[in-house]
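Each chain is listed here by its residues.
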Amino acid sequence: MVSLSVVIITYNEERNIERCLKSVQDFADEVVVLDSFSTDRTKEICKKYGVRFYQHKFDGHIQQKNRALSYASFAHVLQLDADEAPDEQLKAEIIRVKQDFKADGYTFNRLTNYCGQWIKHSGWYPDRKLRLFDSSKGKWTGTNPHDRLELKKGSSIKHLKGDLLHYSFYTIEEHIQTIDKFSSIAAQQRFEKGKKPFVLKLIFSPLSKFLSSYIFKGGFWDGYYGWVISINSAHSSFLKQVKLRELWKKQA
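Residues numbered from 1 in each chain as written. Predicted model: local features only at pLDDT ≥ 70, side-chain atom pairs only at ≥ 80, totals over all residues. Heavy atoms only, no water.

## Observations concerning the overall build of the protein chain
When its secondary structure is counted, the protein chain shows seven helices and eleven strands. Taken over the C-alpha atoms alone, the protein chain extends approximately 55 × 40 × 40 Å along its principal axes. Residues counted as buried form 49% of the 252 residues belonging to the protein chain. Within the protein chain, contacts between residues separated by at least 24 positions form 74% of all contacts whose residues are at least 6 apart in sequence. Accessible surface, the protein chain as shown: approximately 13,000 Å² in total, 53% of it carbon and sulfur. Here the protein chain contributes 40 positively and 29 negatively charged side chains, and the mean placements of these two sets differ by 7 Å. (Helix = DSSP H or I, 4+ residues; strand = E, 2+ residues; numbered from the N terminus. Buried < 20%, exposed > 50% of the residue type's maximum accessible area, 1.4 Å probe, protein only. Contact = heavy atoms within 4.5 Å. Areas by Shrake-Rupley, 256 points an atom, 1.4 Å probe, with all protein chains shown as cover. Lys, Arg positive; Asp, Glu negative; His and termini not counted. Charge placed at Lys NZ, Arg CZ, Asp CG, Glu CD.)

Right under this line is the structure:
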């Protein structure tokens, strides 16, 4: 049997972190939390559960997740966000895998709760995630704020049953605020890489995003919130293009 470190990054997660910590008690040999100096009760709640608690100024999702990973005592890691928790079937699968960790990494589907409703279409499910892995075989990479775990070439990956439950947005306003924040980060990243804005992308990228989410990925099956998610996805695409265009205008 392998020993398993559960690694979590946090910032003002008092409404989510306790659920997350409770959900891993049956299989975690240690829990490591790297916090970005929360101003709410996050630290207090974590201390109640006896986690190994660290703090570091947030300098990017990728950087923070790799830093948190470096604090783990064990090579085998389950890395979660504070607003996530494995369901009962996934817990059983993780416990089974601990007995015989055959692959270098394991994926599972993530099911998102949006304003109290589980979203099973709209391009949000199945949202396959690689989170259970041998940390000697990989690290976090990608482009902020969209990080991804990447294993070394030739690594073996298997898929587990069950869902990682994701309690994303409690209100539509929260979603809009996140879109505004993340679109700014994405635009800045593209600007720094020298990517130029195009008028056609400004027009057609939002439309394409909406059609993909609502029509082709079945957002209409998610009812009212499927419509909201699809509209917001289009709006996010629009903002990235607009903000990138504004950055280049300032440069001129």
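## Let's talk about the nonpolar core
Among the nonpolar cores identified, the biggest contains 28 residues, and Ile 8, Leu 78 and Leu 132 are the most heavily contacted of them. Sorting the residues of this core by element identifies strand S1 (4-10), helix H1 (17-23), strand S2 (30-35), helix H2 (42-48), strand S4 (76-81), helix H4 (88-99), strand S6 (105-114) and strand S11 (157-169) as the ones contributing at least two each. For Leu 132, the contacting residues outside a window of four places in its chain are Leu 4, Val 77, Leu 78, Ile 94, Val 97, Phe 101, Gly 105, Tyr 106, Phe 108 and Leu 160. Core analysis: the second largest hydrophobic core is formed by 14 residues, Ile 9, Leu 34, Ile 62 and Leu 149 among them. (Core = buried A, V, L, I, M, F, W, Y, C linked by side-chain atoms within 4.5 Å.)

## Overview of the pattern of salt bridges
The tally for this structure, following the rule as stated, stands at 20 salt bridges. Of the charged contacts, one joins Arg 110 and Glu 84 as a salt bridge, the two residues approaching to 2.7 Å between their closest N and O atoms. One end of the pair, Arg 110, is in strand S6; the other, Glu 84, is in strand S5 (residues 84-86), and 26 residues separate them in sequence. Taking relative accessible area as the criterion, Arg 110 reaches 11% and is therefore assigned buried. Between Glu 150 and Arg 148 there is a salt bridge, with its nearest N and O atoms 3.1 Å apart. On the basis of relative accessible area, Glu 150 is assigned to the partly exposed category, the value being 40%. What emerges from the salt-bridge pattern is a single network uniting Lys 65, Asp 81, Glu 84, Arg 110, Asp 127, Lys 129, Arg 131 and Asp 147. (Salt bridge = Lys/Arg side-chain N within 4 Å of Asp/Glu carboxyl O.)

## Considering the environment of Ser 233
Relative to the helices and strands, Ser 233 resides in helix H7 (residues 223-251). With relative accessibility at 15%, the residue Ser 233 sits in the buried group. Expressed as a C-alpha distance, the spacing of Ser 233 and Ser 208, which sit 25 residues apart in the sequence, is 10.0 Å.

## Points about a nonpolar patch on the surface
A cluster of nonpolar side chains, namely Val 199, Leu 200, Ile 203, Phe 204, Leu 207, Leu 211, Ile 215, Phe 216, Phe 220 and Trp 221, defines an oily patch on the protein surface of about 1,100 Å² accessible area. Within the secondary structure, Val 199 sits in helix H6 (residues 199-216). (Patch = residues over 30% accessible without salt bridge, like charges linked within 9 Å, V, L, I, M, F, W, Y side chains within 5 Å.)

## Observations regarding the packing of aromatic side chains
Counted by the stated rule, this structure contains 13 aromatic pairs. Centre to centre, the rings of Tyr 114 and Trp 124 are 5.6 Å apart; their planes meet at 75 degrees, and the pair counts as edge-to-face. With Tyr 114 in strand S6 and Trp 124 in the loop between strand S7 (117-119) and strand S8 (127-134), the pair connects residues that are ten residues apart, well separated along the chain. Where Phe 191 meets Trp 248, the ring centres are 4.9 Å apart and the plane angle is 70 degrees; that geometry is what we call edge-to-face. On the criterion of sequence distance, the pair formed by Phe 191 in helix H5 (residues 172-192) and Trp 248 in helix H7 is long-range, its members being 57 residues apart. Among the residues examined, Phe 191 registers a relative accessible area of 18% and is labelled buried. One cation-aromatic arrangement involves Lys 65 over Trp 140; the distance from NZ or CZ to the ring centre is 4.5 Å. Above the face of the Trp 248 ring, Lys 196 is positioned so that its terminal group lies 4.8 Å from the ring centre. (Phe/Tyr/Trp six-rings, centres within 6.5 Å; stacked < 30°, edge-to-face > 60°. Lys NZ or Arg CZ within 6 Å of the ring centre and 35° of its normal.)

## A word on the pairing of S8
Where a strand is regular, its side chains alternate between the two sheet faces. Note that S4 and S8 share three bridges and pair antiparallel. Residue pairing in the sheet places Val 77 in a bridge with Phe 133 of S8. (Pairing = 2+ DSSP bridges.)

## Quick notes on the packing of H6 against H7
Two packed helices can be described by the angle between their axes and the distance between those axes. Here H6 crosses H7 at 160 degrees, and the two axes come no closer than 8 Å. With respect to H7, the element H6 is oriented roughly antiparallel. Considering only the axes of H6 and H7, their crossing is right-handed. Contacts between H6 and H7 involve Val 199, Lys 201, Leu 202, Ser 205, Pro 206, Lys 209, Phe 210, Ser 213 and Tyr 214 from the first element and Gly 226, Trp 227, Ile 229, Ser 230, Ile 231, Ser 233, Ala 234, Ser 237, Phe 238, Gln 241, Val 242 and Arg 245 from the second. Residue composition of the contact of H6 with H7, by class: eleven nonpolar, seven polar and three charged. (Axes fitted to C-alpha atoms, helices over the stretch in contact; angles between N-to-C directions. Parallel < 35°, antiparallel > 145°, perpendicular 65-115°, else oblique. Left-handed = near helix turned anticlockwise from the far one by under 90°. Nonpolar A, V, L, I, M, F, W, Y, C, P; charged D, E, K, R; others polar.)

Keep in mind these values describe shape, not function.
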